[in-house]
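Remarks on the overall topology
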Amino acid sequence: MSSSRRIVWMLATWIFILVIYSAVSLLLKRGSDLLNAFGNIVQCIVPLFANAGLLLNAGTPHWRRNIFWMLLAMSCTLWMIGQFEWTYYEVYLHRSLPEMYPGDILFFLRGIPMMAALALRPHLKRGEIQLRFGYLDFVLLLIWWTFLYVFVVLPWLYAAPSLGQYNHTFNLVTNIQNMVIVVGWAILWLQSSGAWRVVYANLFGASTIYMFSSLTINVAIDSHKYYTGSLYDLQLLSTFLWFALAGVIAHQNQDGLDAPSENYDSGPDSTSDESVWPARLAMAAVISLPLFAIYTLRFSQDDARVRDFRLMTTLLASVPLALLIFVRTHLADRDRSRLLSQSEQSIDNLKRLQAQIVQSEKLVSLGQLAAGAAHEINNPLAAILGFSDLLADDPTIPEKARTTASKIRDQARRTKTLVGNLLSFARQVPAERTLLDINTVVNNAVQLRALDLRSGTTRVDLQLESVLPGVRGDGNQLMQVFFNIISNALEAMEAANGGVLTIKTIRDRGNVVILFSDTGPGLKDPQRVFDPFYTTKPVGKGTGLGLSICFGIVQEHGGKILSYNRQEGGAVFRVELPAVLAAFPAKELQLSTASAVRQKPS
């Protein structure tokens, strides 16, 4: 059945029910048992129609929307429970409901879930309002609203029974509540758009009919013109049938309800506006309790029993309200502490990001300078090497001259190596990317450094994982990184009377991690070790470019290099390189023929 046809059928059913009810009301005698039974049973059934239509929308993934429709259904259910009591008296006991009946509070309480549904405002996105504090404030307001009913109405039922005062105060408070609900739906109707505007318009219409129905029936009861099954009930029946229609319309427009609202605004100003008014009303509700007590003691002209009842009610109401205020303050303090901690972490992250940006800018600037200088030096250097080779290999010149030419050639080649390092630092040398076995690269770097071990007080302890995924990169560049780190660690430990450098290779999720941890004096400033020209070595012992070059190489390979000090002493360098997880032919992997587990080169 199409949506439009379903709506037509519901409207036809609505009209049919009203026509049948009107016909029975006019045909049967006022006050007859049959009319009472018919009127009460129909009024017990129509809220079930309303609940069926409303709860059609309570199975969505949006929990706020589900709660919204369930609260509306709860409102209809509370009214139905009150009607069941009315039916019990008139149909089962065959006598009229007592004029001062405590169960009337159910017809008042049915408005509280609807007011809570208004506070949810499901057409807004979740991030637009502060949910916890908004709901907590609204619970506080609902408790105050119930207190207001007990304070104003119930003294004339329990403390000093008075039918006239009871009916007057009950109708006053109930009518105010109904008007508040109607105004709330009107505001949501005007603030929303699209499918939600249609839904709110229907809920506004149903609540408006209920307001006029309640007012009309209460006046008729006071004037003794109302009886169950009369034409006064037609507006009441229309209310619940309209609620059912609103639920069906919402169910048929679920896609429209899921669409982003045109009023969506996630800015801080809108969030502040949304959350200020419930907090202020909650504050006003708490402040009003002493004012109610002062009015009762100083200005009320009512009976002493009424004053005592109201004072006790005010005292009891202050307990849950004070508890809610304590909970709200506790949550606010906890949120402030959490936000402060997050702010501190954000500031630390920002500082680290700024340091990385500065580091990158330094490397870019120095890389451009080094590249320019290296290219300028390479041209005359090639001529020096060429001519020195000619002189060193020319047998016609004296031996002393050839020896001098050989020395010039050696120094020129050394200069060419330095220029190559500058070009590598500037990342101007194209990298040869192949699949590598990191354990092999580490072993090569350790063996190369072992040739220059001058002290027996330092040693290298290898703890290499036997099965590691491959890494795609330039083996010479990565060996340069590992060689630099190993050399720095060994030199630092030699200056501190020896120690052990432990090298581990592990797999961490999608990365291959190489850990270099030593037992030396540690790093004086771990945040600056990758800065160009930063060094703690004596003058002439280092330029401070080694770790800067390592930083650039690792970044070029898509990895990360970190440095920090161990709590027990010593420095740690952590190199992370992205692993190649796909299967490649074995011939592409440069695997080590020697065992890579727990080796200790001398």
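Residues numbered from 1 in each chain as written. Predicted model: local features only at pLDDT ≥ 70, side-chain atom pairs only at ≥ 80, totals over all residues. Heavy atoms only, no water.

1. A look at the overall build of the chain
Regarding its fold elements, the chain presents 17 helices and 7 strands. Expressed as a percentage of the 602 residues in the chain, the buried residues total 44%. Considering only intrachain contacts with a sequence separation of at least 6, the fraction spanning at least 24 residues in the chain is 76%. When the accessible surface of the chain is totalled, it reaches about 31900 Å², and 62% of it is carbon and sulfur. (Helix = DSSP H or I, 4+ residues; strand = E, 2+ residues; numbered from the N terminus. Buried < 20%, exposed > 50% of the residue type's maximum accessible area, 1.4 Å probe, protein only. Contact = heavy atoms within 4.5 Å. Areas by Shrake-Rupley, 256 points an atom, 1.4 Å probe, with all protein chains shown as cover.)

2. Description of the packing of helix α1 (residues 3–27) against helix α2 (residues 33–55)
Relative orientation of the contacting elements α1 and α2 amounts to 165°, with a least axis distance of 11 Å. With respect to α2, the axis of α1 lies roughly antiparallel. For the crossing formed where α1 meets α2, the hand is left-handed. Across from Ile17, Ile20, Tyr21, Val24 and Ser25 in α1, the residues of α2 making contact are Leu35, Phe38, Gly39, Val42, Gln43 and Phe49. Considered class by class, the residues forming the contact of α1 with α2 number 8 nonpolar, 3 polar and no charged. (Axes fitted to C-alpha atoms, helices over the stretch in contact; angles between N-to-C directions. Parallel < 35°, antiparallel > 145°, perpendicular 65-115°, else oblique. Left-handed = near helix turned anticlockwise from the far one by under 90°. Nonpolar A, V, L, I, M, F, W, Y, C, P; charged D, E, K, R; others polar.)

3. Quick notes on the packing of aromatic side chains
What the rule picks out here adds up to 25 aromatic pairs. Ring centres of Tyr89 and Tyr101 lie 5.7 Å apart, and the angle between their planes is 75°; on these two criteria the pair is classed as edge-to-face. Remark: Tyr101 occurs in the loop between α3 (63–92) and α4 (105–109) and Tyr89 occurs in helix α3; sequence separation between them is 12 residues. Judged by relative accessible area, which is 16%, Tyr89 ranks as buried. Of the residues examined, Tyr101 reaches a relative accessible area of 9% and is grouped as buried. Between the aromatic rings of Phe147 and Phe151, the centroid separation amounts to 5.6 Å while the plane-to-plane angle is 45°, which identifies the pairing as tilted. One end of the pair, Phe147, and the other, Phe151, are both in helix α6 (residues 131–152), 4 residues apart, so they sit about a helical turn from each other. Each member of the pair, Phe147 together with Phe151, is buried. Put simply, the rings of Trp79, Trp86, Phe107, Tyr226, Tyr232 and Phe240 pair up and form one aromatic cluster. Taking the ring centre of Tyr210 as reference, the NZ or CZ of Arg110 above it sits at 4.0 Å. Stacked on the ring of Phe151, the Lys or Arg Arg310 has its end atom at 5.0 Å from the ring centre. (Phe/Tyr/Trp six-rings, centres within 6.5 Å; stacked < 30°, edge-to-face > 60°. Lys NZ or Arg CZ within 6 Å of the ring centre and 35° of its normal.)

4. Structural notes on the side chain of Asn40
With respect to the helices and strands, the residue Asn40 is situated in helix α2. Using a relative accessible area of 0% as the deciding quantity, one classes Asn40 as buried. Polar side-chain contacts of Asn40 include one of 2.9 Å to the side chain of Glu90. Beyond its immediate sequence surroundings of up to four residues, Asn40 is in contact with Gln83, Trp86, Thr87, Glu90, Val91 and Thr228. (Polar contact = N/O pair within 3.5 Å; in protein donor to acceptor, adjacent residues only side chain to side chain.)

5. Comments concerning unusual backbone geometry
With phi around 55°, His94 is a residue other than glycine that occupies positive phi space. By the element assignment, His94 lies in the loop between α3 and α4. On the basis of relative accessibility, which here comes to 55%, the residue His94 falls in the exposed class. Notably, Arg121 is not glycine yet its phi reads approximately 45°, a positive angle. The residue Arg121 is located in the loop between α5 (111–120) and α6 in this model. Taking the relative accessible area as the measure of exposure, Arg121 reaches 10% and is therefore buried.

6. Quick notes on the sheet that holds strand β2 (residues 458–464)
On the basis of which strands lie adjacent, the open sheet formed by 5 strands has the order β2-β4-β5-β7-β6 and mixed pairing. Edge positions in the sheet fall to β2 and β6 (560–565), since each has one partner strand and no second. Strand-to-strand twist across the sheet, computed as the mean angle between neighbouring axes with direction ignored, equals 15°. As paired elements, strand β4 (residues 499–508) and strand β5 (residues 511–518) share 8 bridges and run antiparallel to each other. Its bridge partner being in β5, Lys504 is matched across the sheet by Leu515. (Pairing = 2+ DSSP bridges.)

7. Here's the deal with the packing of helix α15 (residues 438–450) against helix α16 (residues 475–495)
Contact pair α15 / α16: the axes reach a minimum separation of 9 Å and the direction vectors enclose 50°. Between α15 and α16, the angle falls in the class oblique. As α15 packs across α16, the resulting crossing turns out to be right-handed. Together, Ile438, Val441, Val442, Asn444, Ala445, Val446, Leu448 and Arg449 of α15 and Gly475, Leu478, Met479, Phe482, Phe483, Ile486, Ser487, Leu490 and Glu491 of α16 make up the contact between the two elements. In terms of residue class, the contact of α15 with α16 is made up of 12 nonpolar, 3 polar and 2 charged.

8. Examining the pattern of salt bridges
Scanning the entire structure with this criterion turns up 12 salt bridges. Between Glu576 and Lys560 there is a salt bridge; the shortest N-O distance is 3.9 Å. Residue Glu576 is found in strand β7 (residues 571–578), and its partner Lys560 is found in strand β6; the two are separated by 16 residues along the sequence. Look at the salt bridges and you will find they share partners, linking Asp508, Arg509, Lys560, Arg574 and Glu576 into a network. (Salt bridge = Lys/Arg side-chain N within 4 Å of Asp/Glu carboxyl O.)

9. Considerations on the nonpolar core
Where a protein is soluble and globular, its nonpolar side chains tend to be buried together. The biggest cluster of nonpolar side chains holds 83 residues, and the ones touching the most others in it are Phe68, Leu72, Tyr149, Trp185 and Leu203. For this core, the element with the most residues is α6, which contributes 13 residues. Look past the residues within four positions of Leu203 in its chain and what remains in contact with it is Phe68, Leu72, Trp185, Phe243 and Ala246. Of all hydrophobic cores here, the second largest spans 39 residues; its members include Ile438, Val446, Ala489 and Leu577. (Core = buried A, V, L, I, M, F, W, Y, C linked by side-chain atoms within 4.5 Å.)

10. Details of the pairing of β4
The sheet contact formed by β2 and β4 spans 7 bridges and is parallel. Pairing of Gln463 across the sheet is with Lys504, part of β4. Taken together, β4 and the strand that follows it, β5, pair antiparallel across an intervening segment of 2 residues, in which Arg509 is found at a positive phi of about 55°.

11. Points about the confidence of the model for the chain
Overall, the prediction assigns the chain a mean pLDDT of 81, with 83% of residues at 70 or greater. In this model, residues 538–544 is a region of pLDDT below 50 whose contacts with residues beyond four sequence positions or in other chains number 8 contacts. Segment residues 582–602 is flagged for pLDDT under 50; beyond a separation of four residues in sequence, or across chains, it makes 40 contacts in the model. (pLDDT = per-residue confidence, 0-100.)

12. A short note on the environment of Pro161
Position of Pro161 among the secondary structure elements: in the loop between α7 (155–159) and α8 (163–191). Sequence separation between Pro161 and Val306 is 145 residues, and the spatial gap between their C-alpha atoms is 9.6 Å. Among residues more than four places away in sequence, those in contact with Pro161 are Met100 and Trp156.

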